[in-house]
2 protein chains.
Amino acid sequence: MKQKRFILAENELPRQWYNIQADMKNKPLPLLNPATKEPLSAEDLAHIFAAECAKQELDQEHAWIDIPEEVLERYKYYRSTPLVRAYALEEALGTPAHIYFKNESVNPLGSHKVNSAIPQCYYCKQEGVTNVTTETGAGQWGAALSYAAKTFGLECAVYQVKISMQQKPYRSSIMRTFGATVTGSPSMSTRAGKDIITADPNHPGSLGTAISEAVELATTTPNCKYTLGSVMSHVSLHQTIIGLEAEKQMAMAGEYPDMIIACFGGGSNFGGLAFPFMRHTILEGKKTDFIAAEPASCPKLTKGKFEYDFGDTAGYTPLLPMYTLGHTFKPANIHAGGLRYHGAGTIVSQLLKDGYMRGVDIPQLESFDAGMLFARTEGIIPAPESCHAIAATIREALKCKEKGEEKVILFNLSGHGLIDMTAYDSFLNGDLVNYTPEL
Amino acid sequence: MKQKRFILAENELPRQWYNIQADMKNKPLPLLNPATKEPLSAEDLAHIFAAECAKQELDQEHAWIDIPEEVLERYKYYRSTPLVRAYALEEALGTPAHIYFKNESVNPLGSHKVNSAIPQCYYCKQEGVTNVTTETGAGQWGAALSYAAKTFGLECAVYQVKISMQQKPYRSSIMRTFGATVTGSPSMSTRAGKDIITADPNHPGSLGTAISEAVELATTTPNCKYTLGSVMSHVSLHQTIIGLEAEKQMAMAGEYPDMIIACFGGGSNFGGLAFPFMRHTILEGKKTDFIAAEPASCPKLTKGKFEYDFGDTAGYTPLLPMYTLGHTFKPANIHAGGLRYHGAGTIVSQLLKDGYMRGVDIPQLESFDAGMLFARTEGIIPAPESCHAIAATIREALKCKEKGEEKVILFNLSGHGLIDMTAYDSFLNGDLVNYTPEL
């Protein structure tokens, strides 16, 4: 009888996050002040982020960062998440590959996002902040932040991408259930939003527009900090709890992954799973194929340029050294709202440039085909974002079948799709299409 | 540092279900043929149910029933579910009580229902059945059955209560994602449905009407069996996996519950949690307060009569000895669709009559107040059904506070409410009301 699920005991939970920047041979290039083109200091970043997050963002020295006790206590409510061997999916594919997934969909609020929402709110609270604000696409991050803010007694204002708000109305309700204020972006409530709407009255919004609005609110509101659900290095740092657990759990299963796969929006769920394993590639030369699955309609990893660009549409953020499609790129209205972002985080961009990982592009229809197969075999309806990781996994598993190779594949099930049923409905009705971006 | 979560290793999972009928001093009265008033045999029941389920239904001899290996293998994908100590809720209430909950919301499809859907489909498959049909209220049972049917290669047709379908459209989408056919009940596709609509064109449907339609489909379709998500004794039997796990997990926590609480529709999540603990009350005289939380608008336990009644609106089922509001009782349109049922299962009815347990009535607004507090403290948005268990738990925890008693309360979080966000929206908007039934 084969074991299907691997879960760590509470006392085996990692007590530190892994900061890959300390081990990288080529460090990420600095963030620049757009006016002066000078590198930004932690003090500069602390104008918009919690000071501790700003410090973590630029830390290229310490490979291990202690998880604060109060954060660890909250992690214990739901972590470790299960590592699951997907026997039913393997059987349906007829592949000799061993497929494992890390199940972040059973977290509070249904995705990996809570792993960073908790520490970000914790640091804000510690530093005397009373209000937090953010952007959200599909709403996974906004929901997680709303919950974390509530538990730490912080007020929370969320700018949700307008098209996602229409596609997934329940996610706004979830945020309101946790007491957050939710505004569709672009909105008329900020200078940035007004400018975007004036230029394009039908702008569906994107993570880029919502970031502009949230940053503006943070910088114009007393005692308010901006928080981010992906892209930034400190967010990926918090998410390494996923990979650190997975490493121990894979050892319980007696295997080590040949391939590690995650979907890719800004990079936090990818980095969270991949970085702890990539450490062994960097330090010990371990051979692992790291695959970031992005939507074919928003292909910054495979078709973007590595250059300095803004993180938001309005140009409020620092200049980030990253693979980007340009900060004014308007992603198609795919249902994977969390992947509708023009750029990649600075760490991942450097690692991609240095050949440690690769991107693959998944068309929307292939992603839902994969999600349907996964649901019907494993019983979990995956988030449209996670469907991209599953699609990439299926591609690799079928290659293994062709070649008769018994490879070990580990992917991140970053969230469930229960709030995305309109997307599945559209797919079942034959209403979804693929998009080819104009670049 | 206090442990928050208790999870069983795969090899500690229970391998048998517990059949409380064997230990009950007063056995449940027999099911009767409505025409002859003669007790029904397993053969009679096997006309609509899988033969093995029919056998389990009437088994008053064997206290322990082996879980088939193939069912156990599927349980292992998600079981044990976590037992969680709700420290944050305790703190918010300022109660000395120790509150634990069994978290069935992280199951595939988000509720306890899958625990019985898997064995029912397994037995059908074993017996050469090709089609299954059922009723569903909120849609939790229909979703679980759709998934289980798909994994065993069975066709699945679901009659969903019309009002629930309108309140929770995503649940129909979920069922369709798993390939099921979903029809709103009452419908024009059955004799029973036509009769109900003719008598009352605006009938919102109820579990009673949907059962009539599903039973009719099962009896008029070749090679098709009817399955049920609650009420019947074999369903509660399968759900005892919850309580059997919880018993081991409470031992890990070093405690034994003084109170056991679950919401109550037909009785399966209540019985599933309570019966394994009640065994110690029956056999060893252990004192535990068993509380079934029903909606004040559908109060069969506290205001129903113990008598023979039909399980469905049209009168297609056997006559069941149960606490009932009458099979033509039309429950108010509360959002806890899974609790909108006129009767209680035969085992629970006998246990209630014999004083082993008690019912409490929870008004709709109190249930959502409780759900909101639970969400904001524990980070899980509970199903409207489960909110009733939480409300009853809060009542008891506040009594403990008043009296300074450190009691141990265990409740069942039977499912999450992510598909029920319209209900939370209505609550937040102040649109929900309490209902007092006319009896």
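In case you missed it, the structure is sitting above this.
Criteria and thresholds
Residues numbered from 1 in each chain as written. Chains lettered and ligands numbered in written order. Predicted model: local features only at pLDDT ≥ 70, side-chain atom pairs only at ≥ 80, totals over all residues. Heavy atoms only, no water. Least-squares fit on C-alpha atoms with pLDDT ≥ 70 in both. Contact = heavy atoms within 4.5 Å. Buried area = accessible area lost by both parts, 1.4 Å probe. Salt bridge = Lys/Arg side-chain N within 4 Å of Asp/Glu carboxyl O. Polar contact = N/O pair within 3.5 Å; in protein donor to acceptor, adjacent residues only side chain to side chain. Helix = DSSP H or I, 4+ residues; strand = E, 2+ residues; numbered from the N terminus. Disulfide = S-S within 2.5 Å. Buried < 20%, exposed > 50% of the residue type's maximum accessible area, 1.4 Å probe, protein only. Pairing = 2+ DSSP bridges. Axes fitted to C-alpha atoms, helices over the stretch in contact; angles between N-to-C directions. Parallel < 35°, antiparallel > 145°, perpendicular 65-115°, else oblique. Left-handed = near helix turned anticlockwise from the far one by under 90°. Expected span 1.5 Å × (residues − 1). Bend = angle between axes of the 7 residues up to and from the residue.

Peer 1: Explain the relation of the copies chain B and chain A to me, please; I cannot follow it from the model alone.
Peer 2: Note on the chain copies: they are related by a rotation about an axis and a translation along it. Superposition of chain B onto chain A requires a rotation of 180° combined with a translation of 0.0 Å along the rotation axis, giving an RMSD of 0.0 Å. Such a combination of rotation and displacement between the chain copies is what one expects of a two-fold axis. Considering only C-alpha atoms, the residue of chain B closest to the rotation axis is Val 106 of chain B, which sits at 2.7 Å. Comparing interface residues between copies, 100% of those in chain B also sit at the interface in chain A, which points to an isologous, same-surface contact.

Peer 1: Is there a simple way to think about the interface of chain B and chain A in this case?
Peer 2: Facing the 51 residues of chain B at the interface are 51 residues of chain A. For the pair chain B and chain A, the summed buried area comes to about 4200 Å², and 59% of that belongs to carbon and sulfur atoms. In this structure, the connection of chain B to chain A is made through four salt bridges. Across the salt bridge formed by Glu 73 of chain A and Lys 4 of chain B, the nearest N and O atoms sit 2.4 Å from each other. At the boundary of chain B with chain A, the tally comes to 20 residue pairs in polar contact (both at pLDDT 80 or more). Every element with two or more residues in the side of chain B that touches chain A is listed here: α3 (69–75), β4 (83–85), α4 (87–93), α6 (140–151), α8 (169–177), α15 (364–378) and α17 (421–428) of chain B.

Peer 1: Looking at this structure, I do not really get the state of the cysteines. What am I missing?
Peer 2: Two cysteines joined by a covalent bond between their sulfur atoms form a disulfide. Residues and elements named next belong to chain A. All told, the structure shown has zero disulfides over all chains when counted by the stated rule. For Cys 53, which is in no disulfide, the shortest distance to another cysteine sulfur is to Cys 124 and amounts to 6.5 Å. The cysteine Cys 263 is free of any disulfide, with Cys 387 supplying the nearest cysteine sulfur at 9.2 Å.

Peer 1: Can you walk me through the pairing of strand β14 (residues 358–362) of chain A in this structure?
Peer 2: Each regular strand carries side chains that alternate between the two faces of the sheet. All names here are of chain A. Summarising burial for β14: four of the five residues are buried, a large majority. Note that strand β11 (residues 289–295) and β14 share five bridges and pair parallel. The residue of β14 that forms the bridge with Ala 292 is Gly 359.

Peer 1: Can you walk me through the packing of helix α11 (residues 233–252) of chain B against helix α12 (residues 268–284) of chain B in this structure?
Peer 2: Each pair of packed helices can be described by the angle between their axes along with the distance between the axes. Residues and elements named next belong to chain B. Running from amino to carboxyl end, α11 crosses α12 at an angle of 55°, the nearest separation of the two axes being 6 Å. Taken as axis vectors, α11 and α12 run oblique relative to one another. The element α11 and its partner α12 pack so that their crossing is right-handed. Where α11 approaches α12, its residues Val 235, Ser 236, Gln 239, Thr 240, Ile 242, Gly 243, Leu 244, Ala 246, Glu 247 and Met 250 are matched on the opposing element by Ser 268, Gly 271, Gly 272, Leu 273, Phe 275, Pro 276, Phe 277 and His 280.

Peer 1: What exactly am I supposed to notice about helix α11 (residues 233–252) of chain A here?
Peer 2: Because each turn of an α-helix spans 3.6 residues, side chains separated by three or four positions in sequence point in the same direction. Residue and element names in this part refer to chain A. Over its 20 residues, α11 extends 29 Å from the first C-alpha to the last, a length consistent with the 28 Å expected when each residue adds 1.5 Å. Helix geometry: α11 is bent most strongly at Gln 239, by close to 35°. Of all 20 residues in α11, 16 are buried, a share of seventy percent or more. Once α11 finishes, Gly 254 follows within two positions and takes phi at roughly 75°, a positive value.

Such coordinate-based values are descriptive only and should not be taken to indicate function.
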